[in-house]
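# Understanding the architecture of this molecule
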Amino acid sequence: MATVDRLTFTNGLSKLKGAAFRLVCLGATAVGVLALAALLLTVTWGALGFDAAHPVWILVVLTATGLSTGGVVTYARRDETVKLAAISSTAALIGGAVLGVFAVVFQLIVTPSVWAAYAGGALLPALVTALVIPNRRYRLPATAAVLVGGGVVATVALDTLTELAGAADPWLLYLLTIVVPLAVLVWTRVEPTAGRRRAGLLAGGLVLAGVAVPLLTPAPDPLTPGLVLVFGLALFSPLGVLAWRRFRNGQSNVGLAAPLVIVGGAVVGVVIANATGFAAADPWLDWQFLTSPHSRLPEDAGLYPAVVGSFFIMMVMAAFAFPVSVGAAIYLEEYAPSTGWRGRIVQLIQVNIANLAGVPSVVYGLLGLAIIARGVSLGPFALWPGTGTGVVTTAAFTLGLLIMPITIISAQEAIRAVPDAHRRASYAMGASDWHTLRNVVLPEALPGILTGTILSLGRAIGETAPLIMIGAATTVYSPPTSLNDSVSAMPMQIYAWAGEFIADFRTGVLSAGVLTLLLAMLAINAVAILVRNRYERNQ
Amino acid sequence: MSQDPHDRSGLPSRRNFLVSSSVVAATALAGCSGNGDDGDAGDGDTTSGDGGTTSADELSGTIRISGSSTVYPVQVAATEEFRADVSDDVEFPISRDGSTGGFEKFFLKGDSDINGSSRPILEEEVERARDQGFEPIEFQVAGDALTAAVNNDNDWAECITIEELSRIWSPDAENELWSDIRSEWPDEPFDLYGAATTSGTFDYWTREVVGELRVIRDDFEGTEEDDLIARGISDNQYAHGYLPYAYYDNNPGSIKALEIDGGEGCTEPSLTAASDGTYPLARPIFIYVNSNRLQEKEELQEFLRYYIELTGNQQIIAEEIGYVPMSDQEIQDNLNKLEETIE
Amino acid sequence: MWYGDDRALHDVDMDIPEHRVTAIIGPSGCGKSTFLRCLNRMNDMVESARIEGAVRFDGTDIYDDAVDPIALRRQIGMVFQHPNPFPKSIYDNVAYGLRVQDEPVDDDVVETALRRAALWEEVEGQLDTSALELSGGQQQRLCIARAIAVDPDVILMDEPASALDPVATAKIEDLIEELAEEYTVVIVTHNMQQAARISDITAVFLTGGNLVEIDRTETVFKNPAHERVEEYITGQFG
């Protein structure tokens, strides 16, 4: 009996505690997930104008979308490669969309003719150099030399070149500077494995699409045919690369159609639902919303200048914060002394960086206003002239300072995560510090560094307080095109809508704005996750 | 401006004024340039088809507008229409900072060209502008009937006197219950919502109702967002607060407006009552312009000419926004003031 | 040889003959790995490390101020306990040493190194795939290929087979014997059978960083001069 007792006796209280703790954890998770889901649902519901729709209409659309999604999921679950293809093609499209928005905003800012001047003067010659020189050793320096030399030439002759380029339609410039080189690149990559016929078809098809898309697609103001072309290229490039890789590895590409089928299902659902004659949804988040500035009338109001402003700020911010953070992280991790009084100073700096990451953003706003915007002078000497209130540079620098502690710390962590074994292996091969850093540490840390930076972009895009402090406008009518232009950002305009007199602003337009901001942020975070996953798979 | 089509004999129901806003604005502007005040005044011919020429296409630049959120809808309307009618090469960064916030942060530092204000500029602010080397030029752009509101379920208060409001909001009188104000009202504490201290509405309310500028009890919720005030009032049966008439007008049914007795009987807040002076809490709302910028920037001159004309637009100011438009005479006076400053 | 105030090695005096396999054995913590790292100045990486005395390589003291540790390590390669290929392609791993030494990389050099490391047959045609896709034993042979691609004089091996299964270990052992035809090999191992199988000379370190005995391998194993060494070898100690 005693043996049996020993084997069956369990501590009931401890078991109970365990179960209770498990329930509490489950509850905490549920609260978080449900709260987020409720927020997203409310915002989506309002932004897509489902209030106006008849329940039958909603039911039809949701059923169709559910059926197509369910179909894809059921089909993909049977086959691991199809599943992987479905997931990666969705990811590729999201990444492509983010890339596309950045590319369009970039082109809006630099203008097609300036782009063409530099592309024709420096980028293309460099590309040709890289393709023509066979020897690995000379390729890089030669390409760099052509790039720099061409850049200098293009800058000197900028007026003439832009005038020349200005004579052509922008989309024609994009065709020549982007589509044709891309076609050549596709040819060189595809031809050796897939043969001449296929490579020719692909490259030719690409050029044909480059002509057809701008000519045939309507380009609703403020987008031009050229910008539609740029967006289309960016949107589908990652998918194209993915399809090519899978083709080369002999994998089936059926799964790549998954996002198309799901969206197609939703579209068919809307068509059927409209045919039923029941009241359709009246979406606030539509093309008009994305391409118009604010208006006093909710049905005319939009977010366009703020979207461009947000992305412009992010680009300038990343260009400024990325090199500084990576530089600081490399110094602190690889070079900074760790012992003695100098080591203690480094430790102090390290602790301060960690603390700065927790400083409220409004403080950065104050700093941005007092120093970056208004300038610093010591008596009669102007140390820093000040960039002015509410302009792109000020916003980008202020937000750049805001994210820098986070990017420095994440870059440091990425560098620290490089195994010491790899460093030692490199040193044992007779590599110097510099070689080891350049060839081993940085390449291995880069994905981690990029992930941290991209995630911090996602944080910066939602910041409002520092922008208010530096005097960024709530409303502007045209997107900023230079660093000294007044800028508004998505959260600024959204905040203003929350205080409008007219109720539609506070419900529909506000929801549309919030959904746009959330989608932009989620897409950016998705890109970060993609980078990280790719990196983990390579490890 | 005798041919000006605005009919402002009284402010009748909205339906009579479904005139296209651009037509009104454009004709008004055409009349202005026809008077020959300025040789190359912009002609806002877009929809009226009266064959006028568009001569303002060279107009460009940036006009920074800061200030009151009460004035914000008017600023948006004026800038939006100006870009549609005259020149979309002029960029208008607009921010909502509150009247005082806008003065402090931008206008008095020379950062903004125009500051919206829901109260007259203070003497001290004028002095600081002069120290900066410019004169703030005042233009009234609309009128508001500041609305004292209570919860829809409030069935005791219909009309309230200024004196009673003062007793609610004054820091000296220690009134906490509705019954402290009138004995037949319930023995329940009131829950107060009002404008933030950066707001011109706050300044107006303290001076006109409490009796002394910026003196008020401190146990109320102050915010720059009228929507939050309205939500606070609609959430509590015993709540009370004040907000611009335009908010009340655009959100009928969510809160209940009190009639105000300024000594001559109870008056319901309305645009009519505000414009004929019978509503005691009728208040002007203003924009202030930096005189130096006005003299330097042609686009600013042109914009203000357009803006002042637009303040008489019944459709935009009254129907769409919910403020009292300016009368022909007031517009003419403002235009004269503008031209004087420019010279 | 000190780490801070802790002395890791005492009065080690030994000759390492050319084109032979010299094994260093001893119980854990006896300082054998530390000694190995002295030979290519990898201890320089440890800030508190300090050394007295001299290590002569071709007559030159490698701790002389004029000696550049980077140049030294190009002559004295090293293979570590755990396979540590870079997360790069097989080709780039082998070519790494040449690249950092600014020497021309051609496919022949890579092929030769992989052949010598007895890996060529297994990876031919997939040189562009990641080195991390190889098995543990293959990775270790890749590390050896990487070390010999730059054609060093000496190869130091720090328990190169201890993390591998018996089959992979056998391959590595065969490889080491072949390598001795062209290179001087110094191998640290805690596996006495392994030392007995592959080495020509055996050095025995015992606790406290003392070199107790060094002689021909057969002598050390069959007829050790010191009693403690005999106890260690027969398993009575350590």
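Given the structure is predicted, the values throughout are model-derived calculations rather than measurements.

Here we take up the overall build of chain A. The number of helices and strands found in chain A is 20 helices and 2 strands. When the backbone C-alpha atoms are referred to their principal axes, chain A occupies close to 90 × 75 × 65 Å. Across the 539 residues that make up chain A, the buried fraction comes to 41%. When contacts within chain A are restricted to residue pairs at least 6 apart in sequence, those whose partners lie at least 24 apart make up 74%. By element, 71% of the accessible surface of chain A is carried by carbon and sulfur atoms, the whole surface being about 27300 Å². Placing the 30 positive and 24 negative side-chain charges of chain A at their respective mean positions leaves the two points 15 Å apart.

All names here are of chain B. The pLDDT averaged across chain B works out to 83; a share of 83% of its residues lies at or above 70. No element of chain B has a lower mean pLDDT than helix α1 (residues 21–34), which averages 40, and none a higher one than strand β4 (residues 114–117), which averages 96. Here residues 1–56 is a poorly scored stretch, pLDDT under 50, and it has 84 contacts once near neighbours within four places are set aside; other chains count. The ipTM, which scores confidence in the relative placement of chains, is 0.88 for this predicted complex, and the corresponding pTM is 0.85.

Residue and element names in this part refer to chain C. For helix α6 (residues 136–149), which comprises 14 residues, the first-to-last C-alpha distance of 20 Å matches the rise-based estimate of 20 Å (1.5 Å per residue) to within 8%. Burial analysis of α6 places 13 of its 14 residues in the buried class, which makes it a mostly covered element. Two residues or fewer after α6 comes D151, characterised by a positive phi angle close to 55 degrees.

Domain boundaries in chain A define domain 1 (2–47), domain 2 (61–284) and domain 3 (308–487). A C-alpha centroid distance of 46 Å is found between domain 1 of chain A and domain 2 of chain A.

Residue and element names in this part refer to chain C. With antiparallel pairing, the 3 strands of this open sheet are ordered in space as β2-β1-β4. Each edge of the open sheet carries a strand with a single partner, namely β2 (6–7) and β4 (49–50). As paired strands, strand β1 (residues 2–3) and β4 are joined by 2 bridges and run antiparallel to one another. Residue pairing across strands places W2 opposite R50, the latter belonging to β4.

Right, let's get into the state of the cysteines. If you walk through the whole model with that rule in mind, you get 1 disulfide over all chains. The disulfide partner of C159 of chain B is C266 of chain B, and the S-S distance across this bridge is 2.0 Å. Its S-S torsion of about -100 degrees marks the bond between C159 of chain B and C266 of chain B as left-handed, since a negative value means left-handed. Of this pair, C159 of chain B sits in strand β7 (residues 159–161) while C266 of chain B sits in strand β13 (residues 266–267), and the two are 107 residues apart along the sequence. Of all cysteine sulfurs, the one in C38 of chain C lies closest to C30 of chain C, which takes part in no disulfide; the gap is 13 Å.

Our next topic: the sheet that holds strand β5 (residues 136–145) of chain B. Residue and element names in this part refer to chain B. Strand order across the open sheet formed by 4 strands is β2-β4-β14-β5, with mixed pairing between neighbours. Of all the strands in the sheet, the pair left with one neighbour each is β2 (65–67) and β5. Each neighbouring strand pair of the sheet contributes to a mean axis angle of 25 degrees, computed without reference to strand direction.

In total, this model carries 32 aromatic pairs over all chains according to the counting rule given. On the numbers, 5.8 Å between centres and 85 degrees between planes, the contact of F82 of chain B with F92 of chain B is edge-to-face. Here F82 of chain B is found in helix α2 (residues 72–85), whereas its partner F92 of chain B is found in the loop between β3 (90–91) and α3 (99–105), with 10 residues between them in sequence. The exposure class assigned to F82 of chain B is buried, which follows from its relative accessible area of 0%. Of the aromatic side chains, those joined through ring pairs into one cluster are Y477 of chain A together with F82, F92, F303, Y306 and Y307 of chain B. It is R146 of chain C that lies over the ring of F86 of chain C; its NZ or CZ is 4.6 Å from the centre.

This next bit is on the domain arrangement of chain B. Residue and element names in this part refer to chain B. Splitting chain B by domain gives domain 1 (4–143 + 284–342) and domain 2 (147–280). Each side of the interface is counted separately: domain 1 has 21 residues, and domain 2 has 21 residues. For the pair domain 1 and domain 2, the summed buried area comes to about 1500 Å², and 49% of that belongs to carbon and sulfur atoms. On inspection of domain 1 and its partner domain 2, the count reaches 2 salt bridges. Note that D203 and R119 form a salt bridge whose closest N and O atoms lie 2.4 Å from each other. Inspection of the region where domain 1 meets domain 2 yields 12 residue pairs in polar contact (both at pLDDT 80 or more). Where the side of domain 1 that touches domain 2 is concerned, the elements lending two or more residues are α3 and α13 (314–321).

Rules behind the numbers
- Residues numbered from 1 in each chain as written.
- Chains lettered and ligands numbered in written order.
- Predicted model: local features only at pLDDT ≥ 70, side-chain atom pairs only at ≥ 80, totals over all residues.
- Heavy atoms only, no water.
- Helix = DSSP H or I, 4+ residues; strand = E, 2+ residues; numbered from the N terminus.
- Buried < 20%, exposed > 50% of the residue type's maximum accessible area, 1.4 Å probe, protein only.
- Contact = heavy atoms within 4.5 Å.
- Areas by Shrake-Rupley, 256 points an atom, 1.4 Å probe, with all protein chains shown as cover.
- Lys, Arg positive; Asp, Glu negative; His and termini not counted.
- Charge placed at Lys NZ, Arg CZ, Asp CG, Glu CD.
- pLDDT = per-residue confidence, 0-100.
- Expected span 1.5 Å × (residues − 1).
- Domains from an automatic or database assignment.
- Pairing = 2+ DSSP bridges.
- Disulfide = S-S within 2.5 Å.
- Axes fitted to C-alpha atoms, helices over the stretch in contact; angles between N-to-C directions.
- Phe/Tyr/Trp six-rings, centres within 6.5 Å; stacked < 30°, edge-to-face > 60°.
- Lys NZ or Arg CZ within 6 Å of the ring centre and 35° of its normal.
- Buried area = accessible area lost by both parts, 1.4 Å probe.
- Salt bridge = Lys/Arg side-chain N within 4 Å of Asp/Glu carboxyl O.
- Polar contact = N/O pair within 3.5 Å; in protein donor to acceptor, adjacent residues only side chain to side chain.

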